[in-house]
Protein chains: 2
Amino acid sequence: MKYCFGVDVGGTSVKMGLFTESGEILDKWEIVTRTENKGEGILPDISAAIFNKMQERQLDKSVVLGVGVGVPGPVTEDGTVSGTPNLGWEYKDAKKEMESLTGMKAWIANDANVAALGEMWKGGGLGEKNLVMITLGTGVGGGVVLGGRIVPGSHGAAGEIGHICVNYEETDVCGCGGSGCLEQYASATGIVRLAKRKLEKEKRDTVLRKESVTAKAVFDAVKEGDAVAVEVAEEFGRYLGRALANLALVVDPTVFVIGGGVSKAGEVLIPFIQKPYLERAGFGTKDVRFTLATLGNDAGICGSAKLVLSK
Amino acid sequence: MKYCFGVDVGGTSVKMGLFTESGEILDKWEIVTRTENKGEGILPDISAAIFNKMQERQLDKSVVLGVGVGVPGPVTEDGTVSGTPNLGWEYKDAKKEMESLTGMKAWIANDANVAALGEMWKGGGLGEKNLVMITLGTGVGGGVVLGGRIVPGSHGAAGEIGHICVNYEETDVCGCGGSGCLEQYASATGIVRLAKRKLEKEKRDTVLRKESVTAKAVFDAVKEGDAVAVEVAEEFGRYLGRALANLALVVDPTVFVIGGGVSKAGEVLIPFIQKPYLERAGFGTKDVRFTLATLGNDAGICGSAKLVLSK
């Protein structure tokens, strides 16, 4: 039996998993992300945690196929990271450093991209090879998998779909400095922005006025049939559908996997996205499946393990 | 010495080329595209032309690595074509048919995609692996090459960038039934449309009013410093730049190769596209090269040959 490690580095904790080569998760745990001193301790901490686990399980290096690591920032195909503010890293040859720390093979990729790979392997995109995952969280992230492999892009920027422009008339400014970015409409904060903007002009009664507005509150209200909330969800879906229709004309996936905190609203989301998508999709790209992510917080460690097992 | 054939099927003629395995073009010629009877004669005609050439050159099947064919319609990874109005084809297993006709290996791909591969191999994208080619002709086509390979998409629809929406306020309808498609602004006919729309409201003197407006006339006038033509070119570039900025956030290429009839205007085109691109491009995708296609009508046969030689 051979094994591998899947690692998902976040700004506050590092999720780690031990997998068999057939894909079973034997163990998972977390360590703290030490971002001080430009995050110089992060990879050594991961390496130490791997060796502890190998000792605990009495696994020799010869039976470990390698280590996959997902990182919150742009990662190029050769495993270099060109700066991740969340971890304090500047330019880092993460693959080389990880291999030299562990003496084992390592693969590094962007965290949203490995999540997409994880969902392809064991989640909402099971059995597919051409998949786009959209992560609707505080921001909007994405990962593109084609032919079963992550598309990293020339600068590690492939799948950065949160900043696709979906509204050239927008005057509010996005965190990136642009205007009309998908993130301004489809992230958790974007949905709140849409709801608040609507409430300013809205005269009808709505449960959204009763408490502090969150993305969850919007979709809870949708489930209760609140007409104002439904219109907010329609606006959210119109912009996300627009972005995905354009994206499909570039990479033509089989399935869109919707993940991130906003996706916890459940299946109620799908029609709001799918209807405007179909209105704009080209002939060849109408036949695409929309599905929810199913792995939750495990998507990252699964995808990172799959990086190792695909090689 | 081994050889291969590169074939580019158009609606009126089929371009054919004989290549050495090192990529030299030994011979190129054309045959007529017989679209009658649902185009059933097209592949047999190609096969016969290949055998004629092999006889003429005294080449045995054992030294021919295979045949690559570019087709004007959606082609999936397995070489099936799901309908090409230009050729009269309905569903066709073109790879299987070509292999059975010739007794040699065949690879089939979309014509815009093989042109992109050709430009990567020998043209404007020489030396690159992540490239998007944009063909500005009667319509707007595109081809995406990642990691040195064509991205066909799940339905053969990847790279259909002419129908990316770049203006959600547009009221004129595109040939596809949608509105605001890139093709309405960046094709040869789209540029004429922009120019005519401008001339209706324009009071300044401009050479564009003197003759029938064509895309070529617009860029000729730009070269002469005609202020109205410059504004038409700016509008063209703004929409194309918008589309490419969104596209870059999906696949993050190293280079954009601009081809098709409109690109004959030359280097004058590039700043009109690059400036609005840079205004919208995300941080990671600003560092992209814009270049003109250099292979002209040979891009298709070159890319088709490369399909064979990459395998």
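Everything in this summary refers to the structure shown in the same document. (Residues numbered from 1 in each chain as written. Chains lettered and ligands numbered in written order. Predicted model: local features only at pLDDT ≥ 70, side-chain atom pairs only at ≥ 80, totals over all residues. Heavy atoms only, no water.)

Right, let's talk about helix 6 (residues 188-201) of chain A for a bit. Its 14 residues place the ends of helix 6 of chain A 21 Å apart at the C-alpha level, agreeing with the 20 Å of an ideal helix rising 1.5 Å per residue. Residues of helix 6 of chain A that are buried make contact with helix 5 (183-186), helix 7 (215-223) and helix 8 (227-251) of chain A. (Helix = DSSP H or I, 4+ residues; strand = E, 2+ residues; numbered from the N terminus. Expected span 1.5 Å × (residues − 1). Contact = heavy atoms within 4.5 Å.)

Our next topic: the relation of the copies chain A and chain B. With an axial shift of 0.0 Å and an RMSD of 0.0 Å, the rotation relating chain A to chain B amounts to 180°. Taken together, the rotation angle and the small translation identify this as a two-fold axis. Of the residues that chain A buries at the interface, 100% are likewise interface residues in chain B, meaning the two copies contact each other through the same surface. (Least-squares fit on C-alpha atoms with pLDDT ≥ 70 in both.)

What follows is about the interface of chain A and chain B. Counting residues at the interface gives 37 residues for chain A, matched by 37 residues for chain B. Around 2900 Å² of area is buried between chain A and chain B when both sides are counted, 54% of it from carbon and sulfur atoms. Taken together, the connections running from chain A to chain B amount to zero salt bridges. At the junction of chain A and chain B, the tally comes to 28 residue pairs in polar contact (both at pLDDT 80 or more). Of all elements in the fold, only strand 9 (140-146) and helix 8 of chain A reach the threshold of two or more residues within the side of chain A that touches chain B. Ranked by residue count, the leading element in the side of chain A that touches chain B is helix 8 of chain A, at seven residues. Of the residues assigned to the side of chain A that touches chain B, the class counts are 19 nonpolar, twelve polar and six charged. (Buried area = accessible area lost by both parts, 1.4 Å probe. Salt bridge = Lys/Arg side-chain N within 4 Å of Asp/Glu carboxyl O. Polar contact = N/O pair within 3.5 Å; in protein donor to acceptor, adjacent residues only side chain to side chain. Nonpolar A, V, L, I, M, F, W, Y, C, P; charged D, E, K, R; others polar.)

Residues and elements named next belong to chain A. Note on placement: Asp 27 falls in strand 3 (residues 25-32). Note on Asp 27: relative accessible area 15%, which makes it buried. Here the side chain of Asp 27 touches Lys 53 through a polar contact of 2.8 Å, side chain to side chain. There is a polar contact of 3.4 Å between the side chain of Asp 27 and the side chain of Arg 57. Aside from chain neighbours lying at most four places away, what touches Asp 27 is Met 16, Gly 17, Leu 18, Lys 53, Glu 56 and Arg 57. (Buried < 20%, exposed > 50% of the residue type's maximum accessible area, 1.4 Å probe, protein only.)

Here the focus is the environment of Gly 303 of chain B. All names here are of chain B. Its place among the elements puts Gly 303 in helix 10 (residues 299-309). The buried category is assigned to Gly 303, whose relative accessible area is 0%. On a C-alpha basis, the gap between Gly 303 and Trp 121 in space is 7.4 Å, while along the polypeptide they are 182 residues apart.

A word on the state of the cysteines. Residues and elements named next belong to chain B. All chains considered together, the criterion is met by zero disulfides over all chains. Cys 165 forms no disulfide, and the closest cysteine sulfur to it belongs to Cys 181, at a distance of 6.4 Å. No disulfide involves Cys 174; its sulfur sits 3.8 Å from that of Cys 181, the nearest cysteine. For Cys 174, a relative accessible area of 7% translates into the label buried. (Disulfide = S-S within 2.5 Å.)

This next bit is on the pattern of salt bridges. Residues and elements named next belong to chain B. Tallied over the full model, the rule gives 38 salt bridges over all chains. The shortest N-O distance in the salt bridge between Glu 231 and Arg 204 comes to 2.8 Å. Within this pair, whereas Glu 231 is found in helix 8 (residues 227-251), its partner Arg 204 is found in the loop between helix 6 (188-201) and helix 7 (215-223), the two being separated by 27 residues in sequence. Judged by relative accessible area, which is 29%, Glu 231 ranks as partly exposed. Judged by relative accessible area, Arg 204 falls into the partly exposed class, the value being 35%.

Glancing now at the packing of aromatic side chains. The final tally for this structure, using the stated rule, is 14 aromatic pairs over all chains. Aromatic side chains Phe 256 of chain A and Phe 290 of chain A sit 5.2 Å apart centroid to centroid with 40° between the ring planes, which places their arrangement in the tilted category. A residue pair is termed long-range when its members are at least 10 positions apart, and Phe 256 of chain A in strand 11 (residues 255-259) and Phe 290 of chain A in strand 12 (residues 289-292) qualify at 34 residues. We classify Phe 256 of chain A as buried; its relative accessible area is 0%. On the numbers, 6.5 Å between centres and 90° between planes, the contact of Phe 5 of chain B with Trp 29 of chain B is edge-to-face. Note that Phe 5 of chain B is positioned in strand 1 (residues 3-9) and Trp 29 of chain B in strand 3 (residues 25-32), a separation of 24 residues in sequence. In this structure Phe 5 of chain B comes out as buried when scored by relative accessible area, which is 0%. (Phe/Tyr/Trp six-rings, centres within 6.5 Å; stacked < 30°, edge-to-face > 60°.)

Let us look at the sheet that holds strand 12 of chain A. All names here are of chain A. Read from one edge of the open sheet, five strands run 10-9-8-11-12, paired in mixed fashion. Two strands in the sheet have a free side with no partner beyond their single neighbour: strand 10 (149-150) and strand 12. Where strand 11 meets strand 12, four bridges bridge the pair, whose relative direction is parallel. Directly across from Phe 256, in strand 12, lies its bridge partner Phe 290. Relative to strand 9, helix 4 (residues 111-122) is tilted by about 55°, and along the sheet it contacts strand 8 (131-136), strand 9, strand 10 and strand 11. Each of strand 8, strand 9, strand 11 and strand 12 touches helix 8; the most contacted strand, strand 8, lies at about 155° to it. (Pairing = 2+ DSSP bridges. Axes fitted to C-alpha atoms, helices over the stretch in contact; angles between N-to-C directions.)

Within the largest apolar cluster, 106 residues are counted, with the highest numbers of intra-cluster contacts made by Ile 134, Phe 236 and Phe 256 of chain A together with Ile 134, Phe 236 and Phe 256 of chain B. Apart from the residues lying within four places of it in its own chain, the contact partners of Phe 236 of chain A are Leu 136, Tyr 185, Ala 186, Ile 191, Leu 194, Phe 219, Leu 269 and Ile 273 of chain A. (Core = buried A, V, L, I, M, F, W, Y, C linked by side-chain atoms within 4.5 Å.)

What follows deals with unusual backbone geometry. Residue and element names in this part refer to chain B. The residue Asn 37 is not glycine, and still its phi comes out positive at about 50°. Given a relative accessible area of 56%, Asn 37 falls into the exposed group. Residues other than glycine seldom take positive phi values, yet Gln 58 does so here, at roughly 55°. Residue placement: Gln 58 occurs in the loop between helix 2 (42-56) and strand 4 (64-71). Assessed through its relative accessible area of 73%, Gln 58 is described here as exposed.

Before going further, it helps to examine the environment of Gly 225 of chain A. Residue and element names in this part refer to chain A. For Gly 225, the position within the fold is in the loop between helix 7 and helix 8. Take Gly 225: its relative accessible area is 53%, and that puts it in the exposed class. C-alpha of Gly 225 to C-alpha of Thr 206: the two residues are 19 residues apart in sequence and 10.0 Å apart in space.

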